[in-house]
Amino acid sequence: MSAGLAPSLASSLDRLARRLQELDAALSDPVIAADNKRFRDLSREHAEVSSVCDLAQRHTRRQQDLAGAKQMLDEAGDDADMRAMAQEEIAQAEADLTQLETQLQTALLPKDPDDARNAFVEIRAGTGGDESALFAGDLARMYTRYAERMGWTTEIMSASESDLGGYKEVVLRFEGNNVYGRLKFESGGHRVQRVPATETQGRIHTSACTVAVMPEPDETEAIKLNPADLRIDTFRATKEAALRKSLVGSGDRSDRIRTYNFPQGRLTDHRINLTLYKLLAIMEGELDDVVAALLSAQAADQLAELEAATGV
């Protein structure tokens, strides 16, 4: 299964193959099947491990294809057509193997245990008055539409509406698969540049909102608190306030992770220098390209840190 890979990668994949067998056995156990939470957690892990093992199997098959192509080249002799065919297969197999090894390395990077959780998304109007509140409404709609595309459910936990139909503040709860893992990059300042509905002279205004994304706590863990630990509750509001501030920034126009430029139809994520000219589609919930780019950047950073630490 793990032939031809770096020893550390091969070892990790061998462990996962054994873990997959353990999960298969566990999920067929009636006792575990009767425990909804345990069964759900193990099913999620099974899906993740199966995905990595499938990649490893594809890598093994392409290794076999490469060996076969090299043998064909050795046996081709003076047959120009056979040599060309073998060389083409060798080049393609080597390219596929390089890509598969990168995918395997990324799949084996440490996971944030909160990624699989549901999430709360808090959106607050910042600098810009009524226009900022309208933009907060647009962001809420964008995330809600994205949730629909992902098959998640959405609940408005609290809302303070503005006079023009936007939000001074709104808190949304999203429930579904890997919600926090896909929304956690949204925390920070969001800046919009457009002609406001209230602008009579056609001038472009710049406004800002803040977004904070927090994972939903595990209820089963929350009820297992030791009474002796309840004294921390007195600090919780101040802890939560500090976390929120670290996530969202100041809400000023200059404090932003992303800019939405409507006259140019452009979205720019300043953290990864991503620019997309499909703003209207993104505002309708088509966040896939943005999320994928942020996840890829995170994986690249993790791989770089891993290589630096291991000297690879």
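So, here's what we can say about the structure. (Residues numbered from 1 in each chain as written. Predicted model: local features only at pLDDT ≥ 70, side-chain atom pairs only at ≥ 80, totals over all residues. Heavy atoms only, no water.)

### So, the overall build of the chain
A tally of helices and strands in the chain yields 10 helices and eight strands. Here the chain, with 312 residues, has 36% of them falling under the buried criterion. For the chain, the computed accessible surface area is about 17600 Å², with 50% contributed by carbon and sulfur atoms. (Helix = DSSP H or I, 4+ residues; strand = E, 2+ residues; numbered from the N terminus. Buried < 20%, exposed > 50% of the residue type's maximum accessible area, 1.4 Å probe, protein only. Areas by Shrake-Rupley, 256 points an atom, 1.4 Å probe, with all protein chains shown as cover.)

### Examining the packing of aromatic side chains
In this description, a pair of aromatic rings is defined by centroid distance and the angle of the planes. The full count for this structure, using the stated rule, is three aromatic pairs. Summarising the aromatic geometry, the rings of F135 and Y260 are spaced 5.2 Å apart at their centres and angled 70° between planes, so their arrangement reads as edge-to-face. On the criterion of sequence distance, the pair formed by F135 in helix α5 (residues 129–150) and Y260 in strand β6 (residues 258–261) is long-range, its members being 125 residues apart. Measuring from ring centre to ring centre gives 6.5 Å for W152 and F174, while their planes differ by 55°; the resulting arrangement is tilted. Within this pair, whereas W152 is found in the loop between α5 and β2 (153–161), its partner F174 is found in strand β3 (residues 167–175), the two being separated by 22 residues in sequence. In this structure W152 comes out as buried when scored by relative accessible area, which is 7%. (Phe/Tyr/Trp six-rings, centres within 6.5 Å; stacked < 30°, edge-to-face > 60°.)

### Side note on the nonpolar core
Membership of the largest hydrophobic core comes to 35 residues, with the highest contact counts inside it found for I123, L139, Y143, F174, L183 and Y260. Listing elements by their share of this core, those giving two or more residues are β1 (119–125), α5, β3, α6 (179–183), β5 (205–215), β8 (274–276), α9 (279–283) and α10 (288–310). Per-element accounting of this core gives the leading share, eight residues, to α5. Apart from the residues lying within four places of it in its own chain, the contact partners of L183 are V121, Y143, Y146, W152, F174 and V213. The next biggest cluster of nonpolar side chains, apart from the first, holds 15 residues, and it includes L20, A26, V49 and V52. (Core = buried A, V, L, I, M, F, W, Y, C linked by side-chain atoms within 4.5 Å. Contact = heavy atoms within 4.5 Å.)

### A closer look at the sheet that holds β8
With respect to topology, eight strands assemble into an open sheet ordered β2-β3-β1-β5-β4-β6-β7-β8, the strand pairing being mixed. At either end of the open sheet lies a strand with only one pairing partner, and these are β2 and β8. Averaged over all pairs of adjacent strands, the angle between their axes in this sheet comes to 15°, without regard to strand direction. In the packing of α5 onto the sheet, contacts are made with β1, β2, β3, β4 (188–194), β5 and β6, and the angle to β3 comes to roughly 10°. (Pairing = 2+ DSSP bridges. Axes fitted to C-alpha atoms, helices over the stretch in contact; angles between N-to-C directions.)

### Some details on the side chain of D115
Within the secondary structure, D115 is located in the loop between α4 (80–107) and β1. Within the local environment of D115, its side chain forms a polar contact with the side chain of K184, the two groups lying 2.8 Å apart. The contact partners of D115, leaving out residues within four places of it in the chain, are N178, V179, Y180, G181 and K184. (Polar contact = N/O pair within 3.5 Å; in protein donor to acceptor, adjacent residues only side chain to side chain.)

### Some remarks on the side chain of R62
Tracing the backbone through its elements, the reader meets R62 in helix α3 (residues 36–76). Aside from chain neighbours lying at most four places away, what touches R62 is E89, Q92, A93, D96, L97 and L100.

By themselves, these observations are geometric and do not establish any function.
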